Amino acid sequence: MERLALLLTLAAAVSASSQTCSPTDVTSKSWQYVREMHMGCWTSFLTADRVEVHILKLNFVDVDTQMFSINMTGSTPVNFVISQMNTSYCAVHLNSDSNIHIHSKSEIQFYNHQPSKIHRHDFPTSDEDLVKWATQKFGGVTSFTTIRNLAEIHYIGTEGTTPGSQDCELKNEDSLQKYFFEIKTASPFKSCSPRQLRPAATELHIINIPEDSSLCNVSLHVGMEKTNIFLRGPQGTTWTILNPRQTVLSNNEMLVPTILSSIAPVITMNSSAAEDVQKKALDAFKVSTFTSYTEISPKASTVALVLRQREKSPAGVTEKVPEQASPETTDTHQMPLLMQLYASPDYRYPIEPNTKVQSDKRVYAEISGHTFGSIALTIQVSSCSVRSKDSCSVDKALHFITEACSQHLCPNSTRLSFSLDQLQDLTSTSWELECLVKLCYSAKCGEGGRVKRNLEVTQPCLQPPTTACFNFGPPEVLGIAFGGFLIGVVLIGALWFIKIKTGYPTGLDMHSTAGCPCSGAKRQPVSTNPPPSENSSANASIGSTKSTPTSSMA
């Protein structure tokens with residue numbers, strides 16, 4: 001029993017000690033979750049002679065000796081433009097077709113180089129103006145990279161860069177993602193990760209700025225899902241969360257641009273010791289382990305950080321781009337949202353993504369999201385629309401009604417309903433439902449992104465118009481037959497009546513050339529005895545008529 005108790009005690013001690021870790025200095029070649037971001041760009045520009053143009057802006061902070069080296073492998077020709085004015089020392093290893101361009105007043109001293117490869121110019125020192133100068137001189141810029149405390153930069157010589165625009169648009173970037181460079185620096189980071197027997201379903205990352213560091217504004221961009229973040233800094237530090245898709249806790253003020261508001265500190269903590277900060281984070285999130293701890297000592301008033309995925313791409317390939325959100329969720333730049341459809345107003349019968357909805361039925365939807373730390377953000381729907389997914393794209397605005405829902409039932413969601421009757425006359429059955437959402441906090445609202453959902457629509461079954469059915473029995477049949485007989489008799493009688501009144505003979509011979517009905521029988525001769533009143537001239541005329549029968553009597 002004593003041995004068993006001792007083993008349990010040792011196991012508990014080992015388990016307790018594994019909850020924390022001691023940070024060590026980070027080298028540029030070691031993996032770390034948190035990276036410092038600087039101004040830069042990356043384009044597809046090549047000169048007419050297929051020469052790349054790379055600008056290196058060097059900053060040396062709190063280092064005794066400013067020494068660095070530039071090494072090249074391969075035969076790709078490169079023009080290096082180095083922006084560094086102070087005294088520094090550089091060892092150069094270039095190929096025969098590459099050159100270095102520096103300012104005419106730069107105090108960089110080069111070693112192991114050919115003097116003909118070093119060119120001096122009076123170019124500007126500001127970032128934007130330097131890019132303009134290089135564009136005018138060389139036709140464009142392949143990359144612009146800002147490096148703090150450079151120790152060594154190795155140009156691998158991979159031909160070709162990122163596809164797309166040839167315009168260098170400066171923005172905050174992670175310079176270590178440029179696969180054509182291998183950069184070694186004196187990193188300001190310390191980092192560690194505890195040993196985990198089983199990966200946690202939701203990662204916890206801790207970022208700590210020691211108490212003796214200068215106050216600064218820190219911008220944080222998180223490029224991963226299912227992540228909790230604990231931020232700790234000296235009093236007066238401000239954290240700007242660029243994409244609030246995670247649960248974040250901090251002892252400092254946090255700015256959230258998407259909701260145009262700030263969030264007051266929710267944690268009280270003065271100690272910046274690594275073990276104290278790690279234990280505080282574990283206690284705040286009620287978990288037993290964390291994924292990473294990073295300690296940064298900023299030397300500038302403004303610092304940009306990126307928290308990125310663990311997966312590391314093979315050499316010569318760019319970092320893996322985060323997959324696009326599913327059709328049921330929002331885009332990757334905002335807080336994740338989910339839209340669920342229901343078939344009844346009590347929201348008890350969910351509609352599956354492949355279930356067909358009749359266009360004459362009303363549909364009920366619930367859009368939900370996550371809390372930002374301990375702060376509850378309310379969701380407001382700005383507009384909704386449907387878009388057909390067939391070859392002939394059709395967009396239609398969708399009128400909706402916001403459904404009432406208590407705070408108890410809908411703490412982090414909103415409900416609405418809509419009708420699909422305007423889709424009844426359309427042939428498409430596959431649609432994409434999209435709603436624009438606003439996130440609100442303390443009566444202040446900001447853009448929350450858009451949430452999408454696939455929707456299968458079917459037309460209702462149309463009933464043919466009802467007509468009276470007639471049942472014909474023997475009496476009806478006899479009545480119809482007798483009626484037809486009477487109609488026939490009446491018509492025949494009418495024909496006989498017409499014949500008698502017009503004087504047509506039997507047979508109705510229609511061979512008359514004068515347009516009058518004629519009979520086939522011979523006409524009777526005219527009488528030869530005229531009345532006594534007729535004179536002799538008339539008799540002669542009648543006689544002539546008698547001898548020659550006419551065929552055209554009128």
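Please refer to the structure higher up on the page.
Right, let's walk through the structure included here. What you see is a predicted model; the values in this text were computed from it and never measured.

**As for the nonpolar core**
Now for step 1: Counting 27 residues, the largest nonpolar core has Met-339, Leu-341, Ile-367, Leu-416, Phe-418 and Leu-420 as its most contacted members.
Now for step 2: Contributions of two or more residues to this core are made by strand S23 (337-342), strand S26 (362-369), strand S27 (378-388), strand S30 (413-419), strand S31 (430-441) and strand S32 (444-458).
Now for step 3: The dominant element in this core, judged by the number of residues it contributes, is S31, at 5 residues.
Now for step 4: In contact with Phe-418, not counting residues within four places along its chain, are Leu-341, Arg-362, Val-363, Ala-365, Leu-398, His-399, Phe-400 and Leu-433.
Now for step 5: Phe-60, Phe-68, Val-78 and Tyr-155 belong to the second-largest nonpolar core, a separate cluster that totals 24 residues.

**Observations concerning the state of the cysteines**
Two cysteines form a disulfide when their sulfur atoms are joined by a covalent bond.
Now for step 1: One pass over the full model with this rule turns up 3 disulfides.
Now for step 2: The disulfide partner of Cys-21 is Cys-192, and the S-S distance across this bridge is 2.0 Å. Since a negative S-S torsion denotes a left-handed disulfide, the Cys-21-Cys-192 link at about 65° is right-handed. Of this pair, Cys-21 sits in the loop between helix H1 (2-17) and strand S1 (24-27) while Cys-192 sits in strand S13 (residues 181-192), and the two are 171 residues apart along the sequence.
Now for step 3: The buried category is assigned to Cys-192, whose relative accessible area is 10%.
Now for step 4: For Cys-384, the disulfide goes to Cys-435, at an S-S distance of 2.1 Å. Disulfide Cys-384 to Cys-435: torsion about the S-S bond roughly 105°, handedness right-handed. Placement of the pair is Cys-384 in strand S27 and Cys-435 in strand S31, with a sequence separation of 51 residues.
Now for step 5: With a relative accessible area of 6%, Cys-384 lands in the buried category.
Now for step 6: By relative accessible area, Cys-435 is classed as buried at 1%.

**Focus on unusual backbone geometry**
Now for step 1: Positioned with a positive phi, Arg-50 is a non-glycine residue whose angle comes to about 60°.
Now for step 2: Mapped onto the secondary structure, Arg-50 falls in the loop between strand S2 (34-42) and strand S3 (52-59).
Now for step 3: Using a relative accessible area of 48% as the deciding quantity, one classes Arg-50 as partly exposed.
Now for step 4: A positive phi angle is found at Tyr-347, which is not glycine, with a value near 55°.
Now for step 5: Among the structural elements, Tyr-347 can be located in the loop between S23 and strand S24 (350-351).
Now for step 6: With relative accessibility at 9%, the residue Tyr-347 sits in the buried group.

Rules of the game
- Residues numbered from 1 in each chain as written.
- Predicted model: local features only at pLDDT ≥ 70, side-chain atom pairs only at ≥ 80, totals over all residues.
- Heavy atoms only, no water.
- Core = buried A, V, L, I, M, F, W, Y, C linked by side-chain atoms within 4.5 Å.
- Buried < 20%, exposed > 50% of the residue type's maximum accessible area, 1.4 Å probe, protein only.
- Helix = DSSP H or I, 4+ residues; strand = E, 2+ residues; numbered from the N terminus.
- Contact = heavy atoms within 4.5 Å.
- Disulfide = S-S within 2.5 Å.

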